[in-house]
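One-letter residues, chain by chain:
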Amino acid sequence: MSAPAGDWRLIREESRPGPMQMALDEVAAETVAAGGPATVRTYRWDPSCLTLGYRQDPATVDWAFCEREGIDVTRRQTGGGGIYHDTRGDVAYSIVVPAADVPGELLDCYHLLCEPVLDAFDRLGLDAGYVEEGVPELYHPACYLRELHPAHDVVAGRSGDGGESGDRRRKIAGNAQYRKRDAVIQHGSLTFSVEAERHLGTFADPPVTADGFRDRVVGMDELADLDRADAVTAVEEALVAWVVGEGGDRENDDREGGDGSGRVALGRDGSWTDAELRRAEELVETKYRDEEWVRSRPGKGKENENGNGDGAETG
């Protein structure tokens, strides 16, 4: 399947602090809900950032380590466990689209919006896909160490590498989704390079060693001779192809007898408006960098008002 028809913009990789990146996802949802363009984008965490899942207990964070290492901490609106986003080792993306234009069933929508993610790995020559069998949990507070589920967890490996490891496939991407104000937001992190010690260091006393983390998680740079820029380019190219079709055929949908309903318009060098940036700065101050939002535990075991939660929506 391809992206819904309509107006889109691609916002190419921007380096911003984590609270601002989360605010911009929310702003993009407000824009599309108000009739503006849908958004696909790539982004970089600068400085490195730990994002907590919506209901994650703040007691699971090693706050002193994060402060000492200059690691930002914010809280996502998506469920699941915490993720350490290294400024070099992480390649992030988000897709924001009108809710009415995508499947209402969570997993169907998730799989649709993950199509460009899997395409990006394919463009890089990496053998990636949903895990074939469940893998037991190692440490619940950390997204990458939770149980791997065939419905939504993306893993990668060297196909048929043989040897002691066999065809060992490890988690390479974390993706999550929520709905807000008539929009669907899916964001995710693709691991370019594993920083096991720093990832584990953001958590309070995780019962997993760095070697154990590397046994569960793999980076693109371990599987192929790639620069980070190659990975970013592949994600952006996959997002473009998903929206307009290979060769841009959906932008030129003039088939005889067609009604043009499948046509899309994509701004390939999109940007935020001044009003969007002002709104995002407001959300940073009132929410994503606010102590009450970050260091308290919203929901306390209930689904939140936007339908967030753990389970299939976090991959």
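Here the structure is a predicted model, which is why all the values come from computation and not from measurement. (Residues numbered from 1 in each chain as written. Predicted model: local features only at pLDDT ≥ 70, side-chain atom pairs only at ≥ 80, totals over all residues. Heavy atoms only, no water.)

*Asks:* Just checking my understanding: could you explain the packing of helix α3 (residues 106-123) against helix α7 (residues 228-244) for this structure?
*Replies:* Orientation of α3 relative to α7, taken along the N-to-C sense of each, is 135°, at an axis distance of 8 Å. Between α3 and α7, the crossing angle belongs to the class labelled oblique. α7 is crossed by α3, and the crossing has right-handed handedness. Here Leu112, Leu113, Glu115, Pro116, Asp119, Ala120 and Arg123 of α3 come into contact with α7, specifically with Ala234, Val235, Glu237, Ala238, Leu239, Ala241 and Trp242. Partitioning the contact of α3 with α7 into residue classes produces 10 nonpolar, no polar and 4 charged. (Axes fitted to C-alpha atoms, helices over the stretch in contact; angles between N-to-C directions. Helix = DSSP H or I, 4+ residues; strand = E, 2+ residues; numbered from the N terminus. Parallel < 35°, antiparallel > 145°, perpendicular 65-115°, else oblique. Left-handed = near helix turned anticlockwise from the far one by under 90°. Contact = heavy atoms within 4.5 Å. Nonpolar A, V, L, I, M, F, W, Y, C, P; charged D, E, K, R; others polar.)

*Asks:* Before we go on, may I ask you to explain the sheet that holds strand β4 (residues 72-75) in this structure?
*Replies:* The strands making up a sheet associate through backbone hydrogen bonding, with each pair oriented either parallel or antiparallel. Across the sheet, 3 strands lie side by side as β4-β3-β5; this open sheet has mixed pairing. Strand pairing shows two members of the sheet lacking a second neighbour, β4 and β5 (83-85), which therefore form its edges. Adjacent strand axes in the sheet meet at a mean angle of 25°, parallel and antiparallel pairs treated alike. Pairing between strand β3 (residues 49-52) and β5: 3 bridges, direction antiparallel. Of the residues in β5, the one forming a bridge with threonine 51 is isoleucine 83. (Pairing = 2+ DSSP bridges.)

*Asks:* Would you mind showing me how to read empty space enclosed by the protein here?
*Replies:* If you roll a probe as big as a water molecule over the atoms, it shows you where there is empty space left. Summed over the entire model, instances satisfying the criterion amount to 3 cavities of 30 Å³ or more. Its boundaries defined by the atoms lining it, the largest cavity holds a volume of some 120 Å³. Residue lining of the largest cavity: 13 residues in total, with Tyr84, Gly89, Thr191, Ser193 and His199 positioned closest to the centre. Among the residues making up the lining of the largest cavity, the classes are represented as 6 nonpolar, 4 polar and 3 charged. (1 Å grid on protein atoms, 1.4 Å probe; cavity = no way out; pocket = protein on both sides within 12 Å on 5 of 7 lines; lining within 4 Å. Points joined across faces, edges and corners; volume = space filled by probe spheres on them.)

*Asks:* Help me understand the environment of alanine 156 in this model?
*Replies:* Note on placement: alanine 156 falls in strand β8 (residues 154-157). Since its relative accessible area comes to 0%, alanine 156 is described here as buried. A C-alpha to C-alpha distance of 9.0 Å links alanine 156 and valine 217, two positions 61 residues apart in sequence. Leaving out residues up to four positions away in the same chain, alanine 156 has contacts with Asp127, Ala128, Arg168, Arg169, Arg170, Ile172, Val218 and Leu223. (Buried < 20%, exposed > 50% of the residue type's maximum accessible area, 1.4 Å probe, protein only.)

*Asks:* Help me understand the pairing of strand β2 (residues 38-45), please; the structure alone is not making it clear to me.
*Replies:* Consecutive residues of a regular strand have side chains that alternate between opposite faces of the sheet. By the criterion of burial, β2 is predominantly enclosed, with 7 of the 8 residues buried. Pairing of strand β1 (residues 6-16) with β2 involves 7 bridges; the strand directions are parallel. Its bridge partner lying in β2, tryptophan 8 is registered against alanine 38. For the crossover from β1 across helix α1 (residues 18-33) to β2, the handedness is right-handed. Taken together, the 5 bridges between β2 and strand β6 (residues 90-98) define a ladder with antiparallel strand orientation. Of the residues in β6, the one forming a bridge with threonine 39 is valine 96. (Right-handed = clockwise from strand over helix to strand, strands pointing away.)

*Asks:* Please clarify how helix α8 (residues 274-288) should be interpreted in this entry.
*Replies:* In an α-helix, one full turn covers 3.6 residues, which means residues spaced three or four apart are oriented alike. Counted at 1.5 Å a residue, the expected span for α8 with its 15 residues is 21 Å, and the 19 Å between its end C-alpha atoms agrees. Residues of α8 that are buried in the fold lie against β1, α1, β4 and α9 (291-295). (Expected span 1.5 Å × (residues − 1).)

*Asks:* Please explain the environment of aspartate 221 as it appears in this structure.
*Replies:* Along the chain, aspartate 221 turns up in helix α6 (residues 220-223). Between the C-alpha atoms of aspartate 221 and phenylalanine 192, which are 29 residues apart in sequence, the distance is 5.9 Å. If sequence neighbours within four positions are ignored, aspartate 221 has contacts with Arg88, Phe192 and Ser193.

*Asks:* Just checking my understanding: could you explain the confidence of the model for the protein for this structure?
*Replies:* The predicted structure's coordinates, where accompanied by low pLDDT, should not be read in detail. For the protein, the mean per-residue pLDDT works out to 90, and 89% of the residues sit at or above 70. Counting contacts from residues 301-314, a segment whose pLDDT is below 50, to residues more than four positions away or on other chains yields 45 contacts. (pLDDT = per-residue confidence, 0-100.)

*Asks:* Would you mind showing me how to read the nonpolar core here?
*Replies:* Core analysis: the biggest nonpolar cluster contains 89 residues, and Trp8, Phe121, Ile172, Leu190, Met220, Trp242 and Val243 have the highest contact counts within it. By residue number, the principal contributor to this core is α7, which donates 10 residues. (Core = buried A, V, L, I, M, F, W, Y, C linked by side-chain atoms within 4.5 Å.)

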